[in-house]
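# Residue-level structure breakdown
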Amino acid sequence: MMALVALLATLLMTSCVTSQREPKTHQGTTENIQSVFTGRCWDYDVTKYNNILPRVDAGCNELWDKFFDAFSFSSPCDVQKANYDSFYALADQNLPEDKVMFWSGVYTLSHRFAEAGHNYVTLEDTIIGYLVNSLVWCGQLTKPGVNYTACPEWSDCPLEASESFWAGASATFAKQAKGKVTLMVDGSNPDKPAYRRSSFFGKHELPSMSDAVNEVHVLVTHTLDKPKIEFCGSGSLVDLEEDVTKRGFSYECEDDPVAVMHLLCANEPSSRECLMALAHASGQLADITALPGRHMNAMPDQMAG
Ligand SMILES: *[C@@H]1O[C@H](CO)[C@@H](O)[C@H](O)[C@H]1NC(C)=O
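For the chain, an unreviewed UniProt entry supplies the name ADP-ribosyl cyclase/cyclic ADP-ribose hydrolase and the organism Aplysia californica. Under the UniProt heading Sequence similarities (unreviewed entry), the note attached to the chain is "Belongs to the ADP-ribosyl cyclase family."

### So, the pattern of salt bridges
Within this structure, the stated rule accounts for five salt bridges. We note a salt bridge from D43 to K48, for which the minimum N-O separation is 2.9 Å. Residue classification places D43 among the partly exposed positions, given a relative accessible area of 30%. Ionic pairing is found between R197 and D243, a salt bridge with its closest N-O pair at 2.7 Å. Here R197, found in the loop between β2 (179-186) and α8 (200-205), pairs with D243, found in helix α9 (residues 236-246); they are 46 residues apart in sequence, far enough to count as distant.

### Some remarks on the site of the ligand
Every residue lining the ligand is accounted for by Q140, T142, N147 and A150. Contact distances for the ligand include 3.5 Å between a nitrogen atom and a side-chain N or O atom of Q140. At a separation of 2.2 Å, an oxygen atom of the ligand approaches a polar side-chain atom of N147. In the complex, the protein chains occlude 40% of the 360 Å² of accessible area that the ligand would expose alone. Looking at side-chain class alone, the shell around the ligand contains one nonpolar, three polar and no charged residues.

### Regarding the sheet that holds strand β4 (residues 250-255)
Strand order in the open sheet made by the four strands is β1-β2-β3-β4, with parallel pairing throughout. Every interior strand has two partners, whereas the edge strands, β1 (101-104) and β4, have only one. Across the sheet, the mean angle separating the axes of adjacent strands is 20° when strand polarity is ignored. Sheet topology places strand β3 (residues 213-221) next to β4; six bridges connect them, and they run parallel. Bridge pairing in β4 places H217 opposite E252. With respect to the sheet, α9 is in contact with β2, β3 and β4, its orientation differing from that of β4 by roughly 155°.

### Concerning the confidence of the model for the chain
Overall, the prediction assigns the chain a mean pLDDT of 87, with 85% of residues at 70 or greater. Note on residues 1-22: pLDDT is under 50 here. Beyond four places in sequence and across chains, it has zero contacts.

### Considerations on the packing of helix α5 (residues 107-114) against helix α10 (residues 258-267)
Contact geometry for α5 and α10: axes closest at 10 Å, N-to-C directions at 110°. As summarised for this structure, α5 and α10 are arranged roughly perpendicular, according to the angle between their axes. Considering the relative orientation of α5 and α10, their crossing is right-handed. Judged by residue contacts, L109, R112 and F113 of α5 engage A259, V260, L263, L264, A266 and N267 from α10.

### A word on the side chain of T182
Residue placement: T182 occurs in strand β2. Once you skip the residues sitting within four places of it in the chain, T182 turns out to touch V100, M101, F102, Y120, H217 and L219.

### Regarding the packing of aromatic side chains
Under the definition given, this model contains 27 aromatic pairs. Residues F67 and W137 carry aromatic rings whose centres are separated by 5.2 Å and whose planes lie at 65° to one another, so their mutual orientation is edge-to-face. In this pair, F67 sits in helix α3 (residues 60-71) while W137 sits in the loop between α6 (127-132) and α7 (161-175), placing the two residues 70 residues apart along the sequence. Looking at F67, the relative accessible area reads 0%, which means it is buried. Summarising the aromatic geometry, the rings of F113 and Y120 are spaced 5.7 Å apart at their centres and angled 35° between planes, so their arrangement reads as tilted. Judged by relative accessible area, which is 4%, F113 ranks as buried. Following the ring pairs from residue to residue traces out a cluster consisting of F37, W64, F67, F68, F71, Y84, F87, Y88, W137, F165 and W166.

Conventions used here
Residues numbered from 1 in each chain as written. Predicted model: local features only at pLDDT ≥ 70, side-chain atom pairs only at ≥ 80, totals over all residues. Heavy atoms only, no water. UniProt positions renumbered as here; feature names shortened; annotations may be inferred. Salt bridge = Lys/Arg side-chain N within 4 Å of Asp/Glu carboxyl O. Buried < 20%, exposed > 50% of the residue type's maximum accessible area, 1.4 Å probe, protein only. Helix = DSSP H or I, 4+ residues; strand = E, 2+ residues; numbered from the N terminus. Near = heavy atom within 4 Å. Polar contact = N/O pair within 3.5 Å; in protein donor to acceptor, adjacent residues only side chain to side chain. Areas by Shrake-Rupley, 256 points an atom, 1.4 Å probe, with all protein chains shown as cover. Nonpolar A, V, L, I, M, F, W, Y, C, P; charged D, E, K, R; others polar. Pairing = 2+ DSSP bridges. Axes fitted to C-alpha atoms, helices over the stretch in contact; angles between N-to-C directions. Contact = heavy atoms within 4.5 Å. pLDDT = per-residue confidence, 0-100. Parallel < 35°, antiparallel > 145°, perpendicular 65-115°, else oblique. Left-handed = near helix turned anticlockwise from the far one by under 90°. Phe/Tyr/Trp six-rings, centres within 6.5 Å; stacked < 30°, edge-to-face > 60°.

And the structure:
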């Protein structure tokens, strides 16, 4: 009986946690959005990315005003990217050379790998992305100018307020990239190719990069113990190479970089692929050349740098 109660309690807790994490559809503007935004802003200025990214001159209230002006008192489906231009201009930051990372379909992994700017800088590390990351917002014509009840999905309207924001933010971010840039994609999603021309990278980032970029380095990652669907040089990655080359950048592609595999294995040490690596490391697999695929003993560039 006790066991049953415990089991039920566990199930109940699990389902609560799950439902809290799932994005609610048609959620309204985040409560207290102005306080969240300005609080994040003051904190960013003092404690975040201090030796990695420059500070912006604009004050936090000024940044909020420009952001708020872009979408408030408008229909949520009628916000152009250009509405946010003065916000982007105020919050623009120079980005370190060779450190910019783009991602598509691998939010969590790419940010773990980037390590808050220590390895790479993502859009969400810059103040533009940081201030509003995972917030919801949209306008309404009547007071208070934002709709706290419901916001449309990105797919519900062509010029949705936050989609326009992220499109413009991505382009602004890409414009600042210099040197070798990195793109992490997912080669094991059965529902979505690793690269789509309609993705943020294809539509807003690649086209916005300047001549200061010379190389696009693609990291194709695969979920542990799941079918690996696309690899460098196959499927949609052929289109990616074509698009990158057309822009005049050199193209490099790497499947499952060792440093990324180690991150994945840190989370799922008992997956088949990680156990195999462990067996090799402890000498239980005599000959690594007998293993299909990669060498696990190479020191990855990313870790050496
Ligand atoms: C808020 O958004 C919902 C859903 O789009 C809409 O039905 C409602 O009329 C909006 N509120 C105002 C005041 O515009």
